[in-house]
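Reading the structure
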Amino acid sequence: MNDRMPNAFAAGEHAAPAAPSAASEIEAATRRLAAALDALEGAVERRREYDRGSDELAARIQSLGVDRSRLANELDGTLVRSRELERTNREIAERLDVAIETIRSVIEEDAS
């Protein structure tokens, strides 16, 4: 084994900054790739959240549409029933008027 340091360091000289080595370039590229992958993961997660929110909103809108249809049908049924009751009420009022007139005419005949 050689216990000696390289010549530049042994003499106390400082080595001039060398051009980036292939290893440091690969390391820098790996860091950039990792950062890009992290950013992509974040973007994918945000998109998933957005899609989940969109799906939930679509489900709520669908549910509201179903409720609206149900309520519209109930309202139509209620309107039909209301019209039937109004018609029945008018018929009863007419019959009562006829009955009252009949009773009045009987009373007037008995009074005369």
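How each quantity is defined
- Counting of residues starts from 1 at the beginning of each chain's written sequence and follows it residue by residue.
- Residue-level local features of this predicted model are given only where pLDDT is at least 70; pairs of side-chain atoms are given and counted only at 80 or more, and the full residue set underlies all totals for whole chains, interfaces and linings.
- With hydrogens and water excluded, all non-hydrogen atoms of the structure serve as input to the side-chain values.
- By the criteria applied, helices consist of DSSP H or I runs no shorter than four residues and strands consist of E runs no shorter than two, each listed in order from the N terminus.
- Note on classification: 1.4 Å probe, protein chains only; a residue is buried when its accessible area is under 20% of the maximum for its type, exposed when over 50%, partly exposed between these limits.
- The Shrake-Rupley method, run with a 1.4 Å probe, gives the accessible areas here. Residue values count only the displayed protein chains as cover.
- Confidence scores here are pLDDT values: one per residue, from the predictor, ranging 0 to 100.
- Throughout, a residue-residue contact means that at least one pair of heavy atoms, one from each residue, lies within 4.5 Å.
- Polar contact is the term for a pair of N or O atoms within 3.5 Å; when the atoms are in protein, one must be able to donate a hydrogen and the other to accept it, and sequence-neighboring residues count only if both atoms are side-chain atoms.
- Should a side-chain nitrogen of Lys or Arg be within 4 Å of a carboxyl oxygen of Asp or Glu, the pair is scored as a salt bridge.
- For patches, a residue must show more than 30% relative accessible area and have no salt bridge; joins then use 9 Å for like charges and 5 Å for nonpolar side chains, namely Val, Leu, Ile, Met, Phe, Trp and Tyr.

Identification of the protein as DUF4164 domain-containing protein from Afipia carboxydohydrogena is taken from an unreviewed UniProt entry.

Once that is clear, we can look at the overall build of the protein. When helices and strands are counted, the protein shows two helices and zero strands. The 112 residues of the protein split such that 0% are buried. Of the roughly 10,500 Å² that the protein leaves accessible, carbon and sulfur atoms contribute 57%.

On to the confidence of the model for the protein. The predicted model of the protein averages 86 in pLDDT, with 82% of residues at 70 or higher. Every residue in residues 1-16 is under pLDDT 50, and counting partners more than four places away or in other chains gives two contacts.

Further remarks concern the environment of S105. Note on placement: S105 falls in helix α2 (residues 22-111). Accessibility expressed as a relative area gives 32% for S105, which makes it partly exposed. Of note is the side chain of S105, whose polar atom sits 2.8 Å from the backbone oxygen of T102.

It is worth spelling out the pattern of salt bridges at this point. Scanning all chains against the criterion turns up nine salt bridges. For D51, the salt bridge identified is with R47, shortest N-O distance 3.0 Å. Note that D51 and R47 are positioned in helix α2 at a spacing of four residues, about one turn of the helix. Residue class for D51 comes out partly exposed when judged on its relative accessible area of 29%. The partner of E74 in a salt bridge is R70, with the nearest N and O atoms 3.0 Å apart. In this pair, E74 and R70 both sit in helix α2, four residues apart, roughly one turn of the helix. One salt-bridge network, held together by shared partners, links E45, R48, E49 and R52.

Together, L33, L37, L40 and V44 make up an exposed nonpolar region whose accessible area comes to about 360 Å². Relative to the helices and strands, L40 is located in helix α2.

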